[in-house]
Amino acid sequence: MRLQDEPEIQAQINIVPMIDVIFAILTFFIMSTLFLTRSEGLSVNLPQSKSAQTQPKAPITVTIDAKGQLAVNRKPTQLQALNGELRQLAQPNQEALVIVNADKSVNHGQVVSVMDVVRQLPNARLAIATQRE
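Scope of this entry: the structure provided in the associated data block. Treat the numbers as computed from the prediction; the structure is a model and nothing was measured. (Residues numbered from 1 in each chain as written. Predicted model: local features only at pLDDT ≥ 70, side-chain atom pairs only at ≥ 80, totals over all residues. Heavy atoms only, no water.)

1. Thoughts on the environment of D103
Within the element layout of this structure, D103 appears in the loop between β5 (96-102) and α3 (108-119). Since its relative accessible area comes to 8%, D103 is described here as buried. Measuring from C-alpha to C-alpha, the distance between D103 and T130 comes to 9.4 Å, with 27 residues separating the pair along the chain. (Helix = DSSP H or I, 4+ residues; strand = E, 2+ residues; numbered from the N terminus. Buried < 20%, exposed > 50% of the residue type's maximum accessible area, 1.4 Å probe, protein only.)

If you want it as structure tokens, here you go:
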């Protein structure tokens, strides 16, 4: 007795599930890298400068927001307490780079006051954050 020949179905590779898995993994990596970025300063509108240079990551960031409020490494502070906080953060006998992030609408006198406090620290280098044009 002879059996009927079944028509051969051509083998196929379905890649749609593989593409779904790849996109899920890609989404995971994109979302995880967004949380890995760390901003030391608060969000302010920095002034623009044509001669701006990139500085190495600074361990100390002093931020002055548009309302004139001070923060050291995102921790709110007052001008009177700024010197003590900077001395706690600075390593003894090592050069400390202090970056001042001042909003462009902040009073110039307040920025100079903060810069004066930073200059009183021994072995402190001062940098002012700007945006490139």
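2. Here's the deal with the sheet that holds strand β6 (residues 124-128)
Spatially, the 5 strands line up as an open sheet ordered β4-β3-β2-β5-β6, and their pairing is mixed. Each edge of the open sheet is held by one strand with a lone partner, namely β4 (75-77) and β6. Taken pair by pair, the neighbouring strands of this sheet meet at an average axis angle of 25 degrees, ignoring direction. Pairing of strand β2 (residues 60-64) with strand β3 (residues 70-72) involves 3 bridges; the strand directions are antiparallel. By the bridge assignment, I64 is partnered in β3 with L70. Where α3 meets the sheet, its contacts fall on β2, β3, β5 and β6, and the angle it forms with β6 comes to roughly 160 degrees. (Pairing = 2+ DSSP bridges. Axes fitted to C-alpha atoms, helices over the stretch in contact; angles between N-to-C directions. Contact = heavy atoms within 4.5 Å.)

3. Regarding the pattern of salt bridges
Enumeration over the complete set of coordinates arrives at 1 salt bridge. The partner of R125 in a salt bridge is E95, and the shortest N-O contact between them spans 3.4 Å. In this pair, R125 sits in strand β6 while E95 sits in the loop between α2 (79-89) and β5, placing the two residues 30 residues apart along the sequence. Take E95: its relative accessible area is 59%, and that puts it in the exposed class. (Salt bridge = Lys/Arg side-chain N within 4 Å of Asp/Glu carboxyl O.)

4. Considerations on α3
Along its 12 residues, α3 runs 16 Å from first to last C-alpha, staying within 8% of the 16 Å computed at 1.5 Å per residue. Inspection of α3 places V111, V114, V117 and V118 among the buried residues, and these make up the whole buried set. Projected down its long axis, α3 carries its buried residues within an arc of 120 degrees, all on one side. Those residues of α3 that are exposed and aimed more than 90 degrees away from the buried face are H108 and R119. The inward-facing, buried residues of α3 contact β2, β3, α2, β5 and β6. Where α3 begins, the side chain of N107 points an oxygen toward the backbone nitrogen of G109, at a separation of 3.2 Å. (Expected span 1.5 Å × (residues − 1). Arc of directions from axis to C-beta. Polar contact = N/O pair within 3.5 Å; in protein donor to acceptor, adjacent residues only side chain to side chain.)

Purely geometric numbers; function is a separate question.
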